Amino acid sequence: MTVIDFALPAVTPVDSVDWSAIPSPAFVLDESRLRRNLALISHVQRESGAQIIVAFKGFSMWSAFPVLREYGITGATASSLNEARLAREEMRGEVHVYAPAYSDSEFPEVLALADHLVFNSFSQWERFKPQVVAAREAGRTVHVGIRVNPEYAEVETDLYNPAGPFSRLGVTRREFRMDLMDGVDGLHFHTLCEKDSDTLERTLEVLERNFGDVLSQVKWVNFGGGHLMTREGYDIPRLIRVVRAFREKWGVHVILEPGSAFGWQTGWLVSSVLDVVHNVKDALLLDISVSAHMPDVLEMPYRPRILGAGDPPELDHHRETSEGAGGHPYLIGGTTCLAGDVVGEYVFERPLSVGDRVVFDDMIHYTMVKTTFFNGVKHPDIGILHVDGSYECVKSFGYEEFKAKLS
């Protein structure tokens, strides 16, 4: 991580974890790593003067919310009625809500839950403004924002680019309606995806150029998510400097709502080998599913890291120093009937057999929130590896959860 002027909490060494003692399959949050991230996030919040809230679309493991509150994280951002309810019931702080569109049936409930409410378009704001006005007249404090699209982004993957061509997310300068700003007290933008603070700085330059006249009229600006401040090498001092400068220049309250930064490198998906089959190459069949439990592997796509394993020769150009270069290659596949339920090929230090653990790294942010019950395969437990080394299963899924989802 970037050098900072205080000591971050120590983390549990991976080599000290007894994977065989953790029931498989399971998503495992490491409390020590979460606390390390939270200490850094708390530092940024304190030094920058920004309010940092957790984005549920990236991290919504509510059994860990008491730990977040210890570090001064008192709000959450929701993208749906269900997430807003979770924020109110479990996070118990400020509820910020943004959705691309609100339905007539759900909006009254969303409004009842929200402290900050962001609209994706002026047409949605016009549609629901009477209800917001009525709530305010009844004594509610409801902050209202409009999401804008600066039409600038440095996101390489189109799937995750909110400011790509013809994006449906946010109002461009061409479509912005100054005549409809009565009752609106904030702006929201979200154009980053796991980026450093230099990208934020360049984005703010475009935002100021395109929306400077609007910034001078609002009280708060939400910078959205994508600020991966807990990644090693992230320029923390620049982030603090940029946020401070923006706050002072425009006289506004600044909000950051990262999701990945909270769960980044905080845990694992523990799986077990169910079978080893051979068809020209050896393949491991695991008790997890790529499509049901790690969908980004197929959607993005990306290649997760497996503890104790490395890349095959065609991917690894430095085999002599690569972890897991011992020479036992396996295709890694899941247990659904989908032919493409495959992670890829990895090289292990030793041969694996039925019952051995295969542990996927960095599986807490985004991965957990996207899981499904496809094919009815067993859904991984959710557990916490506590600082004292004890393991707690906080949620186990069974037939009733699978059945309830279908009808």
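- Looking at an unreviewed UniProt entry, one finds the chain named Carboxynorspermidine decarboxylase, with Deinococcus aquaticus as its source organism.

### Comments concerning the overall build of the chain
- Scanning the chain for helices and strands turns up 11 helices and 18 strands.
- In terms of overall size, the chain behaves like a compact globule, its C-alpha atoms giving a radius of gyration of 23 Å where 407 residues would be expected to give roughly 22 Å.
- Looking at the chain residue by residue over its 407 residues, the buried ones come to 53%.
- Per element, the accessible surface of the chain, about 18,000 Å² overall, is 52% carbon and sulfur.
- Taking the 39 positively charged and 57 negatively charged side chains of the chain as two groups, their mean positions are separated by 5 Å.

### Some points on the nonpolar core
- The biggest cluster of nonpolar side chains holds 103 residues, and the ones touching the most others in it are Leu117 and Phe360.
- The greatest single-element share of this core, amounting to seven residues, is contributed by helix α7 (residues 236-250).
- Ignoring sequence-local partners within four residues, the contact set of Phe360 consists of Gly267, Trp268, Leu269, Ser271, Leu286, Ile288, Met294, Pro304, Arg305, Ile306, Ile332 and Val343.

### A word on the sheet that holds strand β10 (residues 253-256)
- Pairing is parallel in the open sheet, where nine strands are placed in the order β2-β10-β9-β8-β7-β6-β5-β4-β3. Looking along the sheet, the strands with just one partner apiece sit at the ends: β2 (51-52) and β3 (54-55).
- One ladder, built from four bridges, connects strand β4 (residues 75-78) with strand β5 (residues 94-98); its direction is parallel. Note on β5: the bridge partner recorded for Ala78 is Val97.

### Remarks on the environment of Cys193
- Secondary-structure assignment places Cys193 in the loop between β8 (186-188) and α6 (197-215).
- In this structure the C-alpha to C-alpha distance between Cys193 and Gly212, which are 19 residues apart in sequence, comes to 24 Å.

### Side note on empty space enclosed by the protein
- Under the defined criterion, the tally for this structure stands at two cavities of 30 Å³ or more.
- For the largest cavity, the calculated volume is near 50 Å³.
- Together, Thr77, His96, Val97, Tyr98, His116, Val118, His188, Trp220, Asn222 and Glu257 line the largest cavity.
- For the lining of the largest cavity, the secondary structure elements donating two or more residues are β5, β6 (116-119) and β9 (220-222).
- No other element matches β5, which puts three residues into the lining of the largest cavity.

### Here we look at the environment of Arg177
- Here Arg177 is to be found in the loop between β7 (143-147) and β8.
- Judged by relative accessible area, which is 35%, Arg177 ranks as partly exposed.
- It is 7.3 Å that separates the C-alpha atoms of Arg177 and Phe122, two residues lying 55 residues apart in sequence.
- Of note is the side chain of Arg177, whose polar atom sits 2.7 Å from the side chain of Asp179.

### Notes on α6
- Between the first and last C-alpha of α6 there are merely 20 Å, a value that for 19 residues lags more than 12% behind the 27 Å anticipated at 1.5 Å per step.
- In α6, a bend of some 60 degrees at Arg209 exceeds every other bend along the element.
- Looking only at α6, the buried set comprises Ser197, Thr199, Leu200, Thr203, Leu204, Val206, Leu207, Glu208, Phe211, Gly212, Val214 and Leu215.
- Contacts from the buried residues of α6 go to β8, β9 and α7.

### Focus: a nonpolar patch on the surface
- Side chains of Leu274, Val277 and Leu285 sit close together on the surface and give an oily, nonpolar patch of about 220 Å² of accessible area.
- You can call Val277 partly exposed: its relative accessible area is 34%.

### What about the layout of surface pockets?
- Size it by volume and the second largest pocket reaches roughly 500 Å³.
- Taken together, 16 residues make up the lining of the second largest pocket; nearest its centre are Ser60, Met61, Trp62, Ile382 and Phe397.
- Partitioned by chemical class, the residues of the lining of the second largest pocket number 11 nonpolar, four polar and one charged.

### Focus: helix α1 (residues 31-48)
- When the terminal C-alpha atoms of α1 are compared, their 25 Å separation across 18 residues agrees well with the 26 Å that a helix rising 1.5 Å per residue should span.
- Among the 18 residues in α1, 15 count as buried, and that is most of the element.
- One or two positions beyond α1, positive phi appears at Gly49, with a value near 80 degrees.

What counts, and at which threshold
- Residues numbered from 1 in each chain as written.
- Predicted model: local features only at pLDDT ≥ 70, side-chain atom pairs only at ≥ 80, totals over all residues.
- Heavy atoms only, no water.
- Helix = DSSP H or I, 4+ residues; strand = E, 2+ residues; numbered from the N terminus.
- Rg over C-alpha atoms; globule rule 2.2 N^0.38 Å.
- Buried < 20%, exposed > 50% of the residue type's maximum accessible area, 1.4 Å probe, protein only.
- Areas by Shrake-Rupley, 256 points an atom, 1.4 Å probe, with all protein chains shown as cover.
- Lys, Arg positive; Asp, Glu negative; His and termini not counted.
- Charge placed at Lys NZ, Arg CZ, Asp CG, Glu CD.
- Core = buried A, V, L, I, M, F, W, Y, C linked by side-chain atoms within 4.5 Å.
- Contact = heavy atoms within 4.5 Å.
- Pairing = 2+ DSSP bridges.
- 1 Å grid on protein atoms, 1.4 Å probe; cavity = no way out; pocket = protein on both sides within 12 Å on 5 of 7 lines; lining within 4 Å.
- Points joined across faces, edges and corners; volume = space filled by probe spheres on them.
- Polar contact = N/O pair within 3.5 Å; in protein donor to acceptor, adjacent residues only side chain to side chain.
- Expected span 1.5 Å × (residues − 1).
- Bend = angle between axes of the 7 residues up to and from the residue.
- Patch = residues over 30% accessible without salt bridge, like charges linked within 9 Å, V, L, I, M, F, W, Y side chains within 5 Å.
- Salt bridge = Lys/Arg side-chain N within 4 Å of Asp/Glu carboxyl O.
- Nonpolar A, V, L, I, M, F, W, Y, C, P; charged D, E, K, R; others polar.

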